[in-house]
Amino acid sequence: MIKFSKQQLKIPKMMRPVYMVTGGQSKFDRAMPDKRTEELCIDAFTMAAGLLNMSPAELKSYVHTAYYGHFADHFGDQLLGEAVIHDRLGLDPLGNIGVKTGGATGGSTVWEAVKAVASGYSDCSLAMGWERMDEVPTDEGNFLIAAAADKDWESPLGHIYTGYYAVMAQRYWQIFGKAEDSFRETLAEISVKHHGYARMNPFAHSPKKITVDDVLKSPVVAHPLRALDCCLMSVGAACAIICDEKTAIELTKNSANKPVRIWVGAGSHTLRPADRRDMDIPLLPNETADQYKDLGKRFPGGDRYPGFTGFLAARMAVWYGYRMTGVNDPSEDLDLLELHDAFTISDVQTYEDIGVRPYGEGRDYVESGDCYHTNPKTGKPGKLPSNLSGGLIGCMHAVGATGIMQIFEVATHIWNRWGEIHGDEKRWKDFGRKKPADWTDLQVKGAKRGMAISHAGVGSHVTATILMDPDHLLKEDA
Amino acid sequence: MSMFGQVYVKDNKYKLKGDFHHLTPNIPIRNADEGWKLMGVTNPRDMTYIHSYGGEAPFFEALGEGKLLATRCDNPDCEFKGTIYEPFRIHCADCLGKNTIIDITELAKTTSKVHTFMVCERAGAFNILDKPVKFINIEFEGIATILMSYLSVGDPEIGMKVLPIFRTKNPTCTILDLSWVPDGTKKEELPEGFTF
């Protein structure tokens, strides 16, 4: 049983407002034999400067501290990779630190940069993340990723992380999906959506025009998960520049980027799902204890929380994040999401953890069409579009960069620059990619608030990064 | 002649014998599309790690003896005294006191059920289990946690009663020495080296 003390449930408070002013990313791909990691990081930083109409040298002159997200030293066979990148970015002798929280590394890196600015230590911090997962063959890559499970108790069981998600998928499908084929099809629809949105994203590693049937016929990796249910293994880098108000105004004076307010909530849970003890559901502002009283009756076997079907870390990240920012109901208060769709099943689990739907009813977020840019059922804008970047399934999972890519993607909508950045003919050409004839601008019209979820392991660390147009805050003292 | 790296402990120090790594040359990576120009180099690694089980060593030793050990918090000052952990936790998650090691072999033989499962068609490098691997997560009566392991006979289902089996012949001293079979499985159906 986990019981929280009053101190543990303190609502995090930042000492001053914090802003994200720009960001950037490299091309994402399965392998990049023609580029070293530092070239990818410089690509991302140069793009961030470009969005401010500044040179990289000008932007560098504002940076006071640097936070570097890199998940796996063993993939790159390079300890202190942070020092290499910091050096190649020419940021010595500024203080810098490496951040590692598995799949949540990108979100955690931004969390650290935000705290540095919030505390007054720095007025401008760089959050930069990268990964290169092309330095070993895929089966060895799976082995290295599985090393993020408990090496004595879990990893030897197949050395494949998909398996650890598949047991969750099986339990969720049978309890909350009532073992229906229609639930399996809903999972497949998520993959179709994310590969489809990736087609509009020149940075994306896996754009595909596919059908539900294609997903259901793709090779089984770990039943019930198939190849097209799974995230990518990518190479790439992404960055964000985090500032106080004065610096944010100065940095954006010649740019279409409006500084956006940024907050990060963070949660955790046991590395091994095996260790997750039964507990009461921590409630979000839009939930009541009564609504879950009969959960086990409605979904027999579904009364064990979080069991193998919920992510307590995600729940706690938004538990803090929503209270910091005044979010009451994410579907009403936010305009878009970027979720950590490591697998189609974890996407659905997360809808419930973050309160987009109550526990047990996550599938409705997809089936209602609310998660789309344009609801396929009504032809109208989706109520709360998610993963318009293509997510981890369609865009990329270059682990240390992933959470930063998601945050950057949300910001591009609030800056109202999604179409300009993703539709740029030159960018498609520079990346050696063909812009599709049916390219569509996925800008969420009038987007003022959004959230990105960055998630590690089988839910060991999660961050919830909330971005808002400063003229559309939900809480005066946020 | 090379031999696998071997280690034993004497006077609380590791004593090493044999080869812990093997030399393999770097090989250039060249671009077939551009006149075989140099792109990079392979960096071969073949290493043996030396890993301590620390306070979990009794658990792994016991598997080869046909016993399943767990731990229990017996700290009278702990709010959650009496909580039993499998996986075995050396210290209580709540009070951080040292847990008591208990034998739950009989409890496992009578109350183990499949909580969830999956059938894994692919595996990562260095996997030594037969494919498809059948992961099962096992719930026990009176135990706070749910153990991950694998099924060696038959096909898993949620709620299925299962029995532990142990690699008592040539144990590997890893978690793979513990496996499970459906209730009712006969002795002669067990995989080579395993016993009830």
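Residues numbered from 1 in each chain as written. Chains lettered and ligands numbered in written order. Predicted model: local features only at pLDDT ≥ 70, side-chain atom pairs only at ≥ 80, totals over all residues. Heavy atoms only, no water.

### Observations concerning the overall build of chain B
Along the backbone of chain B there are two helices and 13 strands. The C-alpha atoms of chain B give a radius of gyration of 22 Å, which is well past the 16 Å a tight globule of 196 residues would have. If one aligns the C-alpha atoms of chain B with their principal axes, the spans along those axes are about 70 × 45 × 35 Å. Across the 196 residues that make up chain B, the buried fraction comes to 40%. Long-range pairs, those at least 24 residues apart, make up 49% of the contacts in chain B between residues at least 6 apart in sequence. With the model as given, the accessible surface of chain B reaches about 11,300 Å², and the carbon-plus-sulfur share is 52%. Measuring between centres, the 22 positive side-chain charges of chain B sit 6 Å from its 26 negative side-chain charges. (Helix = DSSP H or I, 4+ residues; strand = E, 2+ residues; numbered from the N terminus. Rg over C-alpha atoms; globule rule 2.2 N^0.38 Å. Buried < 20%, exposed > 50% of the residue type's maximum accessible area, 1.4 Å probe, protein only. Contact = heavy atoms within 4.5 Å. Areas by Shrake-Rupley, 256 points an atom, 1.4 Å probe, with all protein chains shown as cover. Lys, Arg positive; Asp, Glu negative; His and termini not counted. Charge placed at Lys NZ, Arg CZ, Asp CG, Glu CD.)

### Description of the side chain of E338 of chain A
All names here are of chain A. By secondary structure assignment, the location of E338 is in strand 9 (residues 336–338). No salt bridge is formed by the buried E338, whose closest oppositely charged neighbour, K193, lies at an N-O distance of 8.2 Å. A distance of 2.8 Å separates polar atoms of two side chains, one belonging to E338 and the other to S389. E338 has contacts with N387, L388, S389, G391, Q406, E409, V410, M451, A452 and I453, leaving out every residue within four places of it along the chain. (Salt bridge = Lys/Arg side-chain N within 4 Å of Asp/Glu carboxyl O. Polar contact = N/O pair within 3.5 Å; in protein donor to acceptor, adjacent residues only side chain to side chain.)

### Some words on the domain arrangement of chain A
Residue and element names in this part refer to chain A. Per the domain assignment, the segments of chain A are domain 1 (19–136 + 234–251) and domain 2 (263–472). Inter-centroid distance (C-alpha atoms) of domain 1 to domain 2 is 23 Å. The partner domain 2 presents 31 residues to the 41 residues of domain 1 that form the contact. A buried area of about 2,600 Å², summed over both sides, lies between domain 1 and domain 2, and 71% of it is on carbon and sulfur atoms. Here domain 1 is connected to domain 2 by one salt bridge. A salt bridge links R433 to D29, with the shortest nitrogen-to-oxygen separation between them at 3.5 Å. There are nine residue pairs in polar contact (both at pLDDT 80 or more) connecting domain 1 and domain 2. Among the elements of the structure, strand 1 (19–25), strand 2 (65–70), helix 5 (105–118), strand 4 (124–132) and strand 7 (235–243) are those that each provide at least two residues to the side of domain 1 that touches domain 2. Per element, the largest residue contribution to the side of domain 1 that touches domain 2 is eight residues, and it comes from helix 5. When its residues are assigned to classes, the side of domain 1 that touches domain 2 shows 20 nonpolar, 18 polar and three charged. (Domains from an automatic or database assignment. Buried area = accessible area lost by both parts, 1.4 Å probe. Nonpolar A, V, L, I, M, F, W, Y, C, P; charged D, E, K, R; others polar.)

### Quick notes on the sheet that holds strand 13 (residues 194–195) of chain B
Strand order in the open sheet made by the three strands is 12-11-13 (chain B), with antiparallel pairing throughout. Both outer strands of the open sheet, strand 12 (178–182) and strand 13 of chain B, are each paired with one neighbouring strand and no more. (Pairing = 2+ DSSP bridges.)

### What to know about a nonpolar patch on the surface
Residues and elements named next belong to chain B. On the surface, a nonpolar cluster with roughly 440 Å² of combined accessible area is contributed by V7, V9, Y14, L16 and I50. Elements represented by at least two residues in the nonpolar patch include exactly strand 1 (6–10) and strand 2 (13–17). Structurally, I50 is set in the loop between strand 4 (37–41) and helix 1 (57–63). (Patch = residues over 30% accessible without salt bridge, like charges linked within 9 Å, V, L, I, M, F, W, Y side chains within 5 Å.)

### A closer look at the interface of chain B and chain A
When the parts come together, some accessible area is lost, and that loss is often what is quoted as the size of the interface. Taken together, the contacts link 44 residues of chain B with 38 residues of chain A. For the pair chain B and chain A, the summed buried surface comes to about 3,700 Å²; carbon and sulfur atoms form 63% of the total. Summed over the shared surface of chain B and chain A, the result is three salt bridges. A salt bridge links D94 of chain B to R277 of chain A, with the shortest nitrogen-to-oxygen separation between them at 2.8 Å. Taken together, chain B and chain A are joined by 18 residue pairs in polar contact (both at pLDDT 80 or more). Looking at the side of chain B that touches chain A, the elements that each hand over two or more residues are helix 1, strand 8 (113–120), strand 9 (133–139) and strand 10 (146–150) of chain B. Looking at the side of chain B that touches chain A, the element that brings in the most residues is strand 8 of chain B, giving six residues.

### A few points about the packing of helix 8 (residues 181–198) of chain A against helix 14 (residues 344–353) of chain A
Residues and elements named next belong to chain A. Close contact between helix 8 and helix 14 brings their axes to 9 Å; oriented N to C, the two are set at 100 degrees. By the angle class used here, helix 8 and helix 14 are roughly perpendicular. Along its contact with helix 8, which presents F183, L187, I190, S191 and H194, the element helix 14 presents T344, I345, D347, V348 and Y351. Class assignment of the residues belonging to the contact of helix 8 with helix 14 gives a composition of six nonpolar, three polar and one charged. (Axes fitted to C-alpha atoms, helices over the stretch in contact; angles between N-to-C directions. Parallel < 35°, antiparallel > 145°, perpendicular 65-115°, else oblique.)

### Topic: the packing of aromatic side chains
Per the counting criterion, the structure on display carries 24 aromatic pairs over all chains. When the centroid spacing of 4.7 Å and the interplanar angle of 70 degrees are considered together, the rings of F143 of chain A and F126 of chain B count as edge-to-face. In this pair, F143 of chain A is assigned in helix 6 (residues 138–146) and F126 of chain B in the loop between strand 8 and strand 9, connecting two distinct chains. Since its relative accessible area comes to 24%, F143 of chain A is described here as partly exposed. For the cation-ring pair, R323 of chain A lies above W319 of chain A, with the distance from its terminal atom to the ring centre recorded as 4.0 Å. Residue placement shows K435 of chain A over the ring face of W439 of chain A; its charged tip is 4.5 Å from the ring centre. (Phe/Tyr/Trp six-rings, centres within 6.5 Å; stacked < 30°, edge-to-face > 60°. Lys NZ or Arg CZ within 6 Å of the ring centre and 35° of its normal.)

### Quick word on empty space enclosed by the protein
Where empty space is left in the structure can be found by rolling a water-sized probe over the atoms. Residues and elements named next belong to chain A. Taken as a whole and judged by the stated rule, the model has three cavities of 30 Å³ or more. The wall of the largest cavity is formed by Y172, F176, L295, G302, R304, Y305, P306, T309, G310, E352 and Y359. Of the residues belonging to the lining of the largest cavity, the class tally is six nonpolar, three polar and two charged. Space inside the second largest cavity adds up to approximately 40 Å³. (1 Å grid on protein atoms, 1.4 Å probe; cavity = no way out; pocket = protein on both sides within 12 Å on 5 of 7 lines; lining within 4 Å. Points joined across faces, edges and corners; volume = space filled by probe spheres on them.)

### Regarding the pairing of strand 5 (residues 220–223) of chain A
Residue and element names in this part refer to chain A. Summarising the sheet, strand 5 and strand 6 (residues 225–226) pair through two bridges and their orientation is antiparallel. Each bridged residue has a counterpart across the sheet, and for A222 the counterpart in strand 6 is L225. In this structure, the hairpin formed by strand 5 and strand 6 is closed by a connection of one residue.

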